[in-house]
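Single-letter residue listing:
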There are 2 protein chains.
Amino acid sequence: MTTPIHISEFRRAIGPAHVLIEDADKQGYLVEWRDKFQGTTEVVLRPGSPQEVAKCVKIAARHGLKVVPQAGNTGLVGGQIPREDRREIVISVNRLNKIRHVDSKGYTISVDGGVKLQQLQEAAEEADRLFPLALASQGSCIISGNIATNAGGTAVLSYGNTRDLVLGLEVVMANGEIWHGMRALRKDNTGYDLKQLFIGSEGTLGIITGACLKLLPRPCAQNVALCGVDSPEQALSLFAIAKKHAGPMLTAFEIMPRLGMRFSVKHQDGLSRPLAQEHNWYVVLELSAGSPSVDLEALTEAMFGEAFEAEALEDAVLAQNGKQAADIWRLRHGMSEVQKFEGGSIKHDISVSVNKVPAFLREALAAVEALVPGCRPVPFGHMGDGNLHFNITQPEGADKQAFLARWDEVNEVVHAIVARYDGSISAEHGIGVLKRDLMAAVKSPVELEMMRAVKRALDPDNLFNPDRILRADRL
Amino acid sequence: MTTPIHISEFRRAIGPAHVLIEDADKQGYLVEWRDKFQGTTEVVLRPGSPQEVAKCVKIAARHGLKVVPQAGNTGLVGGQIPREDRREIVISVNRLNKIRHVDSKGYTISVDGGVKLQQLQEAAEEADRLFPLALASQGSCIISGNIATNAGGTAVLSYGNTRDLVLGLEVVMANGEIWHGMRALRKDNTGYDLKQLFIGSEGTLGIITGACLKLLPRPCAQNVALCGVDSPEQALSLFAIAKKHAGPMLTAFEIMPRLGMRFSVKHQDGLSRPLAQEHNWYVVLELSAGSPSVDLEALTEAMFGEAFEAEALEDAVLAQNGKQAADIWRLRHGMSEVQKFEGGSIKHDISVSVNKVPAFLREALAAVEALVPGCRPVPFGHMGDGNLHFNITQPEGADKQAFLARWDEVNEVVHAIVARYDGSISAEHGIGVLKRDLMAAVKSPVELEMMRAVKRALDPDNLFNPDRILRADRL
């Protein structure tokens, strides 16, 4: 077999070692970690510079190929996996892995697009600064993917989503040009803020090859507590009191149900229930002192004092050391992982206004329990942001495939309730392939047409990540 | 004279009382407050609902008119004033002035687009919340204008620009459709984040008729200090120490030069110099306690203790009551106003990374003093954000017009230095008409073409604010 001309061109452009065509070499780029999405592709490209990315994009366009940009391959909605039925190639940014510049006085960091989140966090820490984005996948996810999906995580409550941390971007456009937008400015009102287009666009508008990000002061002290509460209503009261006492120093407010706690203790090694009694719901609450002059102990005591007085919780335990704090976080971080030991799980990633969380939960729980008798809901997540991973574990002893076959049906019921609460059907995971048609069903024609207009404007030939977010045949 | 058909249509659409065609009625919409921009128009429309705005847009489009959206008419770059040489009509949103909904538990507020900033601040305060955007013009500016220009102000350091405060928007599009994007969600990754397009687009992409905004906890206590420093370098050291001690509780860090302080004391009633000696530079420093458990006195003392020890300031005075705090802020807020008593002033609104402020100032001051011997620079502003209003007052006794005639020449020299520092030539005021050609000169062709593509995508007939930001003849 002769080598196709485009493969030869890619090899000349970025070096043969970085043009992967053998199955064994490509494998890691084609399977999503949960095995939900699997793809095939003729070639995976690993360019070593923004200029090489641009060359690859031009060659691909010239040969009528489509480009799937890939970062850490940790996405959950199929955005990063090439489809079997198309001429889609993968451009990975994982060789662009340098920290370019840390400006500790200016509280900024400039990095290549392929830097791992954890590498970035560590570079910030070395400069006595905090890069606050925190995700379960931080050891493997890559910053350009975090930016392209506007990643959320557990620190959004105080520090915002990824979008709020981006100052500048460097992007390879669909026409193969490089946009050098690596600004390190806090204020810049010179025309349209173009970086916003790429943040959260899931690789459909450009390939992010560099980013300038905000850094923050490192917290001077932290307290992590696990609280037992009777109901989401009580959790909401606790949230109000915590917010009143800690303001921006309330850096996490996560919720999980009794069943989730049971799963977490049962299926993770070395963890036990930190509270004496069982509670219907649990809250992981984190306080971070933003100043050495903050007496975090006094703050914590005053907050819990008022909370107990107001009956805004049933019980609480404060981590006494780093190990205990880490264990409390493990109980929470394990929540997604442990569900798989209990069979199939139908998942949602929804958000509503924080004060509507209790009513939403009441209604949605009743609806899924009526729809699938015996199902075991494990809704958990970022209550302080109104973002819940409304996951439903199969009934005990039920057939896994039969349960999972009801995925769409369950989604429909839950998302109908989300719609009535003016909520979001994808709070932090994005749209990708998985929710593309769901999104089309809940957005207005005006909004969908605006999205299509933006896509056509920046990627007129639909080169990047076709059929993700927006259907190719409706562009 | 017969009434033109479009005027009759406008009258039917929104009621005759709100179709202003008499000069006396239109006057307030045609002159910018500093008199720098004056316009004429056939008609000013004051629709009373988003639907009426949409009707006006459709009628205007059908008759080949162009639309200048106007909010509080406080913009500084000519974006909101109709041009004399075109068929531009004004659509004012100032009748859309209702607070729609305050959700104190969810920390959000939904308002009509025509609500005044101060009205919004007061509504937040009534709910024991803070809407942190703070501008000198807050008594007259209007929120949709703040959003359309991504307004900055004195509270950006801790709370961000207007962009960071917007959760959802309602926008009338160029095709006359209404986009209902009034979401109150902290997290929503369902497709492109379209609201970002309108924030900072200066009325060129749509008319903002409603907004859902973030609220924050009100500070529990505040300390305002005036510090005397020898140099911008010393101010930068002070900034680092203040940030280390106060973190996010450092809510303002503003700088002004000796001459500015002299002007401010001389030309404002009832103010005196709060520090015994004169200093080369002054810093207004504000600390806001984010929690009742923060001992702000201890924090302030620890911060100044370290600052004096590290020789990061020469002297400081702490406001002992609200009156003294207000007086310190008046010294700073008067800075723009008082310059006009000293003759003509050539202005810039630049930003660089905060740690580059001292070097930028040294270089830019030397350059303008060489260019215009005897000129009196009064650079002041939001040092903590790297944003300076680099204003140059004319030499004493010089001819005002002759001095102002050198505006472009001075701009060119200053902006060339800004470019070398990777800075912005419009940090918070925007582009409008005033800086349109300046922007075109400093942006890359890739970036300009991207902006044009966005404009063509959302406003293909160039209906909204033509020739602002982007030249109409280059679309």
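Residues numbered from 1 in each chain as written. Chains lettered and ligands numbered in written order. Predicted model: local features only at pLDDT ≥ 70, side-chain atom pairs only at ≥ 80, totals over all residues. Heavy atoms only, no water.

**Considering the overall build of chain A**
Reasoning step 1: Along its length, chain A carries 17 helices and 19 strands.
Reasoning step 2: Expected size for 475 residues packed as a compact globule is a radius of gyration near 23 Å; at 23 Å, chain A falls within 12% of this value.
Reasoning step 3: Dimensions of chain A along its principal axes, counting C-alpha atoms only, are 75 × 55 × 45 Å.
Reasoning step 4: Counting only residues that meet the buried cut, chain A has 61% of its 475 residues in that class.
Reasoning step 5: Looking at chain A alone, contacts between residues at least 24 apart form 72% of all its contacts between residues at least 6 apart.
Reasoning step 6: Accessible surface, chain A as shown: approximately 17,400 Å² in total, 48% of it carbon and sulfur.
Reasoning step 7: Positive and negative charge centroids in chain A, built from 52 and 58 side chains respectively, lie 6 Å apart. (Helix = DSSP H or I, 4+ residues; strand = E, 2+ residues; numbered from the N terminus. Rg over C-alpha atoms; globule rule 2.2 N^0.38 Å. Buried < 20%, exposed > 50% of the residue type's maximum accessible area, 1.4 Å probe, protein only. Contact = heavy atoms within 4.5 Å. Areas by Shrake-Rupley, 256 points an atom, 1.4 Å probe, with all protein chains shown as cover. Lys, Arg positive; Asp, Glu negative; His and termini not counted. Charge placed at Lys NZ, Arg CZ, Asp CG, Glu CD.)

**A few points about helix α11 (residues 322-333) of chain A**
Reasoning step 1: Given a rise of 1.5 Å per residue, 12 residues ought to cover 16 Å, and the 16 Å separating the end C-alpha atoms of α11 of chain A matches this to within 8%.
Reasoning step 2: Of the positions making up α11 of chain A, those classed as buried are Ala325, Asp327, Ile328, Trp329, Leu331 and Arg332 of chain A. (Expected span 1.5 Å × (residues − 1).)

**As for the interface of chain A and chain B**
Reasoning step 1: Facing the 88 residues of chain A at the interface are 87 residues of chain B.
Reasoning step 2: Summed over both sides, the interface between chain A and chain B buries roughly 6,400 Å², with carbon and sulfur atoms accounting for 60% of that surface.
Reasoning step 3: On inspection of chain A and its partner chain B, the count reaches 8 salt bridges.
Reasoning step 4: Across the chain A-chain B interface, the total number found is 36 residue pairs in polar contact (both at pLDDT 80 or more).
Reasoning step 5: Taken together, the elements giving at least two residues each to the side of chain A that touches chain B come down to β9 (178-181), α7 (195-198), α8 (232-246), α10 (296-309) and α17 (445-458) of chain A.
Reasoning step 6: Looking at the side of chain A that touches chain B element by element, the count peaks at 9 residues for α17 of chain A.
Reasoning step 7: Considered class by class, the residues forming the side of chain A that touches chain B number 38 nonpolar, 29 polar and 21 charged. (Buried area = accessible area lost by both parts, 1.4 Å probe. Salt bridge = Lys/Arg side-chain N within 4 Å of Asp/Glu carboxyl O. Polar contact = N/O pair within 3.5 Å; in protein donor to acceptor, adjacent residues only side chain to side chain. Nonpolar A, V, L, I, M, F, W, Y, C, P; charged D, E, K, R; others polar.)

**A look at a negative patch on the surface**
Reasoning step 1: Together, Asp295, Glu297 and Glu301 of chain A together with Asp295, Glu297 and Glu301 of chain B make up a negatively charged patch on the protein surface.
Reasoning step 2: For the negative patch, the secondary structure elements donating two or more residues are α10 of chain A together with α10 (296-309) of chain B.
Reasoning step 3: Looking at the element boundaries, Asp295 of chain A is found in the loop between β14 (281-289) and α10. (Patch = residues over 30% accessible without salt bridge, like charges linked within 9 Å, V, L, I, M, F, W, Y side chains within 5 Å.)

**Here we look at the sheet that holds strand β10 (residues 207-214) of chain A**
Residues and elements named next belong to chain A.
Reasoning step 1: On the basis of which strands lie adjacent, the open sheet formed by 5 strands has the order β5-β6-β10-β8-β9 and antiparallel pairing. The outermost strands of the open sheet, each flanked by one partner alone, are β5 (99-103) and β9. In this sheet, adjacent strand axes meet at a mean angle of 10° when their direction is disregarded.
Reasoning step 2: The pairing of strand β6 (residues 108-112) with β10 spans 5 bridges and is antiparallel. Each bridged residue has a counterpart across the sheet, and for Ser110 the counterpart in β10 is Cys212.
Reasoning step 3: Sheet contacts for helix α3 (residues 50-62): β5, β8 (166-172), β9 and β10; angle to β8, the most-contacted strand, approximately 45°. (Pairing = 2+ DSSP bridges. Axes fitted to C-alpha atoms, helices over the stretch in contact; angles between N-to-C directions.)

**Topic: α17 of chain A**
Reasoning step 1: A rise of 1.5 Å per residue sets the reference length of α17 of chain A, with its 14 residues, at 20 Å; its end C-alpha atoms lie 20 Å apart and thus fit the reference within 8%.
Reasoning step 2: Counted residue by residue, α17 of chain A has 10 buried out of 14 residues, so it is predominantly covered.
Reasoning step 3: All of the buried residues in α17 of chain A are Val446, Glu447, Leu448, Met450, Met451, Arg452, Ala453, Val454, Lys455 and Leu458 of chain A.
Reasoning step 4: Buried residues in α17 of chain A make contact with α7 and α16 (436-442) of chain A together with β9 (178-181), α7 (195-198) and α17 (445-458) of chain B.

**What to know about the side chain of His18 of chain A**
Residues and elements named next belong to chain A.
Reasoning step 1: Within the secondary structure, His18 is located in the loop between α1 (5-14) and β1 (19-20).
Reasoning step 2: Side-chain polar atoms of His18 contact the side chain of Arg95, separated by 3.3 Å.
Reasoning step 3: Leave out the neighbours within four places in its chain, and His18 touches Val44, Leu45, Arg46 and Arg95.

**As for the confidence of the model for chain A**
Reasoning step 1: Mean pLDDT over chain A works out to 96, with 100% of the residues at or above the 70 mark.
Reasoning step 2: Model confidence for the complex: the whole-complex pTM is 0.96, and ipTM, which rates the interface, is 0.96. (pLDDT = per-residue confidence, 0-100.)

**Some words on the relation of the copies chain A and chain B**
Reasoning step 1: Under the fitted operation, chain A is carried onto chain B by 0.0 Å of movement along the axis and a turn of 180°, and the coordinates agree to an RMSD of 0.0 Å. Expressed as a symmetry operation, the mapping of one chain copy onto the other fits a two-fold axis. When each C-alpha of chain A is compared by its distance to the rotation axis, Val294 of chain A comes out closest, at 2.6 Å. (Least-squares fit on C-alpha atoms with pLDDT ≥ 70 in both.)

**Looking at the sheet that holds strand β6 (residues 108-112) of chain B**
All names here are of chain B.
Reasoning step 1: Spatially, β5-β6-β10-β8-β9 is the arrangement adopted by the 5 strands of the open sheet, whose pairing is antiparallel. Edge positions in the sheet fall to β5 (99-103) and β9, since each has one partner strand and no second. In this sheet, adjacent strand axes meet at a mean angle of 10° when their direction is disregarded.
Reasoning step 2: As judged from the 4 bridges shared by β5 and β6, these two strands associate in the antiparallel manner. Looking at the pairing, His101 lines up with Ser110 of β6.
Reasoning step 3: Here helix α4 (residues 117-126) sits on the sheet in contact with β5, β6 and β10 (207-214), set at roughly 145° to β6.

**Observations regarding the nonpolar core**
Soluble, globular proteins show a tendency: their nonpolar side chains are buried together.
Reasoning step 1: Formed by 105 residues in total, the largest nonpolar core has its most connected members in Leu238, Leu285 and Phe360 of chain A together with Leu238, Leu285 and Phe360 of chain B.
Reasoning step 2: When residues no more than four places from it in sequence are discounted, the contact partners of Leu285 of chain B are Asn223, Val224, Ala225, Cys227, Leu238, Ala242, Leu250, Ala252, Phe253 and Met303 of chain B. (Core = buried A, V, L, I, M, F, W, Y, C linked by side-chain atoms within 4.5 Å.)

**Concerning the pattern of salt bridges**
Residues and elements named next belong to chain A.
Reasoning step 1: Applying the stated rule across the entire model yields 60 salt bridges over all chains.
Reasoning step 2: Glu447 serves as the salt-bridge partner of Lys443, at 2.9 Å between the closest nitrogen and oxygen.
Reasoning step 3: With a relative accessible area of 9%, Lys443 lands in the buried category.
Reasoning step 4: One salt-bridge network, in which partners are shared between bridges, spans Arg100, Asp112 and Glu170.

**Focus on the packing of aromatic side chains**
Reasoning step 1: Throughout the structure, instances matching the rule amount to 10 aromatic pairs over all chains.
Reasoning step 2: Here the aromatic rings of Phe304 of chain B and Phe308 of chain B are separated by 6.5 Å at their centres, their planes lie at 40°, and the arrangement is tilted. Of this pair, Phe304 of chain B and Phe308 of chain B both sit in helix α10, 4 residues apart, which is roughly one turn of that helix.
Reasoning step 3: Take Phe304 of chain B: its relative accessible area is 10%, and that puts it in the buried class.
Reasoning step 4: If you follow Lys243 of chain A out to its NZ or CZ, it ends over the ring of Tyr107 of chain B, 5.0 Å from the centre. (Phe/Tyr/Trp six-rings, centres within 6.5 Å; stacked < 30°, edge-to-face > 60°. Lys NZ or Arg CZ within 6 Å of the ring centre and 35° of its normal.)

**Focus: unusual backbone geometry**
Reasoning step 1: Despite not being glycine, Glu202 of chain A has its phi angle at roughly 55°, a positive value.
Reasoning step 2: Here Glu202 of chain A shows up in the loop between α7 and β10.
Reasoning step 3: By relative accessible area, which is 8% here, Glu202 of chain A ends up buried.
Reasoning step 4: Residues other than glycine seldom take positive phi values, yet Ile469 of chain B does so here, at roughly 65°.
Reasoning step 5: Tracing the backbone shows Ile469 of chain B in the segment after α17.
Reasoning step 6: Assessed through its relative accessible area of 1%, Ile469 of chain B is described here as buried.

**Details of the packing of α8 of chain A against helix α13 (residues 357-371) of chain A**
Helices that pack against each other are described as a pair by the angle of their axes relative to one another and the distance between those axes.
Residue and element names in this part refer to chain A.
Reasoning step 1: It is at 8 Å that the axes of α8 and α13 come closest, and there the two elements cross at 165°. One finds that α8 runs roughly antiparallel with respect to α13. Judged by the twist between their axes, the crossing of α8 over α13 is right-handed. Residues Pro232, Glu233 and Leu236 of α8 form the contact with α13, whose participating residues are Pro358, Leu361 and Arg362.
Reasoning step 2: Across the contact of α8 with α13, the residue classes break down as 4 nonpolar, no polar and 2 charged. (Parallel < 35°, antiparallel > 145°, perpendicular 65-115°, else oblique. Left-handed = near helix turned anticlockwise from the far one by under 90°.)

**Considerations on the packing of α1 of chain A against α3 of chain A**
Residue and element names in this part refer to chain A.
Reasoning step 1: Contact pair α1 / α3: the axes reach a minimum separation of 9 Å and the direction vectors enclose 165°. Here α1 is positioned roughly antiparallel relative to α3, judged by the angle of their axes. Crossing angle aside, the handedness with which α1 passes α3 is right-handed. In this structure, α1 contributes His6, Glu9, Phe10, Ala13 and Ile14 to the contact, and α3 contributes Glu52, Lys55, Cys56, Ile59, Ala60 and Arg62.

**Observations concerning the state of the cysteines**
Residue and element names in this part refer to chain B.
Reasoning step 1: Inspection of the entire model under this criterion finds 0 disulfides over all chains.
Reasoning step 2: No disulfide involves Cys141; its sulfur sits 19 Å from that of Cys212, the nearest cysteine.
Reasoning step 3: The class of Cys141 is buried, set by a relative accessible area of 1%. (Disulfide = S-S within 2.5 Å.)

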